[in-house]
Amino acid sequence: MSGQAFRKASGPQRSVIGIIGTGAIGSNIALLLASPPASLHISLWDKDVSTVLDIIKDVPEDLSGQVHGPFTDLYEFISSLADANSPTGGALILLSLPHGSVVDAVLSDMNRHLKKRDVILDTGNEWYLDTERRQKELARLGVTLCSLEVSGGYQSARRGPSLHLSGDNPEVKKEVLKLLELVAAKDENGKPCVKDLGPGGVGHYVKMVHNGIEQGMLGVINEVWEIMFKCLSMTLDEIGDVFGKWTRDGGEMKNNYLLTIGSEICHTKRSTAAVNTSDPPEDDGMSPFLLNTIQDKVVQDADSSEGTGIWTVSESAHKHVSAPTISCAHFYRIASADRAQRLAFADLIGGEVATAKKQKVTQADKSEFIETTIRRGMYAGFLASFAQGINLLLRASHVHGWNLSILKCIEVWRAGTIIRDDTILDLLSSIYTPNESSAHPQNVLLNPSYGAQVKAHIPQLKRLVLKGIEWDAHVPALSASLEYYKFCGGKHLPTQFMEAQLDYFGKHNFELKSEGLREVKKGVHHYEWKPA
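Note that the structure is a prediction, hence the values are computed from the model and not measured. (Residues numbered from 1 in each chain as written. Predicted model: local features only at pLDDT ≥ 70, side-chain atom pairs only at ≥ 80, totals over all residues. Heavy atoms only, no water.)

A.B. asks: Hey, could you run me through the side chain of Asn211 in this one?
C.D. replies: Looking at the element boundaries, Asn211 is found in helix H8 (residues 202–231). Reaching out from Asn211, the side chain makes a polar contact with the side chain of Thr308 at a distance of 3.0 Å. (Helix = DSSP H or I, 4+ residues; strand = E, 2+ residues; numbered from the N terminus. Polar contact = N/O pair within 3.5 Å; in protein donor to acceptor, adjacent residues only side chain to side chain.)

This is the structure:
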């Protein structure tokens, strides 16, 4: 079936695809699919009918008649879908829902209305094992559930996201891809950023790791921003200019998405910002920059509205993959969420010890520090976050037998995605070629090209961390990145002392230095340090 076949409609009220969940992502995906080149008729369902009515009301005039709803119940919604236009001759339904029990509840309500050959695409940030459980349950009904993780935020959902597809029905995935390739983000060569990544819930797993890498990068950037803003006394406009230049000059941060939006954030004034609360007047004594009015807390991890960061940290531990940049960035966010506790603890320890200090530096020294130390140190932090994420994907693929192609992941992340950084993706593409094989190391740090980049940037990362600590700036992700490189490359770690203590009280055994490298396995030696 060609992509054109998806555009046929069997009547003015018959839709090619139905979308359940009309939040920021779902509503924008609806408009994306209704727009050229897909130009589909779309049906919308949400328990909150008002959100559907709002979308219908705000549909652009050129898409009038393409988006349908609201519907009185799920039966009417599913009945509005034209089976003849589906890739498998059944209803094609896209879920855009919060992870967890909400999805289970909706699927339970839908079950009696579903039939063989119906296809469901789950675009939420979902736990991969829940996806695989649902795939098995729905397969008994003859229904195919595919993971279809969306990256790039709600803006990309409207203009073209990167898409992580997986599932157990190759024919369904093959046909669905023809539709997705029409609307996915396109890289600089015009290739769609969507791939079939493998079986089961692999798509959700890869997006989970994507979000973990993102979490590490966000931690690094926010720590750098504090050093620039609070320690070096740069204005927000100056920081915005620097971030913007770094994304455009072809260096380490070429086309880095997070720095691109960071530049825009730094430049945004309240008078030009569209916010959902009343915009304070410019003469209220507050900063004209919107960023300066935002509270210093990240809550989506602490209130459980976001699960991917938690899962990445947990999976890293379960899969025995060291991921301190990602983990420290996560725990940093959790600590930030409860501002009341932070203020109380600040009073106990004296707030100055945890407050970044303004420094007196010459303009020449500042410029050199920004362009050499901050730039290269930040890039080293990004490399650490990517290495940890890629290593987790490699380990998970080995454990589960997914045969996951890292190159396909890189191709998905080329555009329309939060972790886009052309320099790092180019580096990874040179390592994970189309002829991927078991010869690739399970630890990307062991690749000579990747290792050379790390080696070249470690000195400035170390300098950045030392200055950050000296100036009382907050540098958990940056310092974790430095320590990551140090303990991953340590020839003589102090863990021999830890091993001895474990053997002392727990009889955990140890290996001897004289025995060489050996495998990752419990040692055979025990010393009776003190009789029981």
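A.B. asks: Looking at this model, I keep getting lost on the packing of aromatic side chains. Mind explaining?
C.D. replies: Remark: the centre distance and the inter-plane angle together describe each pair of aromatic rings, the angle taken between the planes. In the structure shown here, the tally under the stated rule is 13 aromatic pairs. Their ring planes at 80° and their centres at 5.0 Å tell us that Tyr527 and Trp529 sit as a pair that is edge-to-face. Since its relative accessible area comes to 47%, Tyr527 is described here as partly exposed. Accessibility expressed as a relative area gives 37% for Trp529, which makes it partly exposed. (Phe/Tyr/Trp six-rings, centres within 6.5 Å; stacked < 30°, edge-to-face > 60°. Buried < 20%, exposed > 50% of the residue type's maximum accessible area, 1.4 Å probe, protein only.)

A.B. asks: Where do I start with empty space enclosed by the protein in this structure?
C.D. replies: Over the atoms a probe the size of a water molecule is rolled, and this reveals where empty space is left. Tallying each qualifying case throughout the model produces one cavity of 30 Å³ or more. When its volume is computed, the largest cavity comes out at roughly 90 Å³. Lining the largest cavity are 14 residues, and of these Ile29, Leu33, Leu94, Leu180 and Val183 lie nearest its centre. Looking at the lining of the largest cavity, the elements that each hand over two or more residues are helix H1 (24–34), strand E6 (144–151) and helix H7 (170–183). Of the residues that constitute the lining of the largest cavity, the class distribution is 13 nonpolar, one polar and no charged. (1 Å grid on protein atoms, 1.4 Å probe; cavity = no way out; pocket = protein on both sides within 12 Å on 5 of 7 lines; lining within 4 Å. Points joined across faces, edges and corners; volume = space filled by probe spheres on them. Nonpolar A, V, L, I, M, F, W, Y, C, P; charged D, E, K, R; others polar.)

A.B. asks: What is the right way to read the sheet that holds E6 from this model?
C.D. replies: Through backbone hydrogen bonds, the strands of a sheet pair up, either in parallel or in antiparallel fashion. Across the sheet, which stays open at both edges, the eight strands sit in the order E3-E2-E1-E4-E5-E6-E7-E8 with mixed pairing between neighbours. The open sheet has two edge strands with one neighbour each: strand E3 (67–68) and strand E8 (194–196). Relative to E3, strand E2 (residues 42–45) runs parallel, the two being bridged by two bridges. Bridging across to E3, Ser43 finds its partner in His68. Docked against the sheet, H8 engages strand E5 (119–122), E6 and strand E7 (162–166), running at close to 20° with respect to E6. (Pairing = 2+ DSSP bridges. Contact = heavy atoms within 4.5 Å. Axes fitted to C-alpha atoms, helices over the stretch in contact; angles between N-to-C directions.)

A.B. asks: Looking at this structure, I do not really get the pairing of E5. What am I missing?
C.D. replies: In summary, the side chains of a regular strand alternate between the two faces of the sheet. Burial along E5 is two-sided: the residues Val119 and Leu121 and Ile120 and Asp122 are all buried. Direction of pairing for strand E4 (residues 92–95) relative to E5: parallel, over a ladder of four bridges. Across the sheet, residue Ile93 finds its bridge partner in E5, namely Ile120. Viewed along the sheet, the connection from E4 through helix H4 (residues 101–110) into E5 turns out right-handed. As defined by bridge partners, E5 adjoins E6 across four bridges and the pair is classed as parallel. Across the sheet, the residue bridging to Leu121 is Cys146, located in E6. (Right-handed = clockwise from strand over helix to strand, strands pointing away.)

A.B. asks: Can you help me understand the environment of Ser156 in this one?
C.D. replies: Within the element layout of this structure, Ser156 appears in helix H6 (residues 153–159). Expressed as a C-alpha distance, the spacing of Ser156 and Ile25, which sit 131 residues apart in the sequence, is 8.9 Å. What Ser156 contacts, discounting residues up to four positions off in sequence, is Ser151, Pro161 and Gly416. Within the structure, Ser156 has its side chain in polar contact with the backbone oxygen of Gly152 (distance 3.2 Å).

A.B. asks: What should I look at first to understand a nonpolar patch on the surface in this one?
C.D. replies: Together, Phe345, Leu348, Ile349 and Val353 line one region of the surface with nonpolar side chains, adding up to about 430 Å² of accessible area. Mapped onto the fold, Phe345 is located in helix H13 (residues 339–349). (Patch = residues over 30% accessible without salt bridge, like charges linked within 9 Å, V, L, I, M, F, W, Y side chains within 5 Å. Areas by Shrake-Rupley, 256 points an atom, 1.4 Å probe, with all protein chains shown as cover. Salt bridge = Lys/Arg side-chain N within 4 Å of Asp/Glu carboxyl O.)

A.B. asks: Honestly, the packing of helix H9 (residues 236–248) against helix H10 (residues 257–267) in this entry has me stumped. Any pointers?
C.D. replies: Between H9 and H10, whose axes approach to 8 Å, the crossing angle comes to 160°. Between H9 and H10, the interaxial angle falls into the category roughly antiparallel. Of the two possible hands of crossing, H9 and H10 adopt the one that is left-handed. Counted together, Leu236, Asp237, Ile239, Gly240, Asp241, Phe243, Gly244, Trp246 and Thr247 of H9 and Leu259, Thr260, Gly262, Ser263, Cys266 and His267 of H10 form the full contact between these two elements. Residue composition of the contact of H9 with H10, by class: six nonpolar, seven polar and two charged. (Parallel < 35°, antiparallel > 145°, perpendicular 65-115°, else oblique. Left-handed = near helix turned anticlockwise from the far one by under 90°.)

A.B. asks: Could you clarify how one ought to interpret the layout of surface pockets in this entry?
C.D. replies: By volume, the second largest pocket amounts to about 1200 Å³. In this structure, the second largest pocket is lined by 22 residues; those nearest its centre are Lys491, Leu493, Thr495, Gln496 and Glu511. Counting only elements with at least two residues in the lining of the second largest pocket, the list comes to helix H18 (476–488) and helix H19 (495–506). Classifying every residue of the lining of the second largest pocket by side-chain character gives nine nonpolar, six polar and seven charged.

A.B. asks: I tried to follow unusual backbone geometry on my own but got confused; where do I start?
C.D. replies: Trans peptide bonds make up the majority, and among non-glycine residues the majority have a negative phi. Here Pro36 and Pro37 are connected by a cis peptide whose omega angle stands at 10°. Looking at the element boundaries, Pro37 is found in the loop between H1 and E2. Note the cis peptide between Gly69 and Pro70, where omega equals -5°. Here Pro70 shows up in the loop between E3 and helix H3 (74–79). Although it is not a glycine, Asn403 sits at a positive phi angle of roughly 55°.

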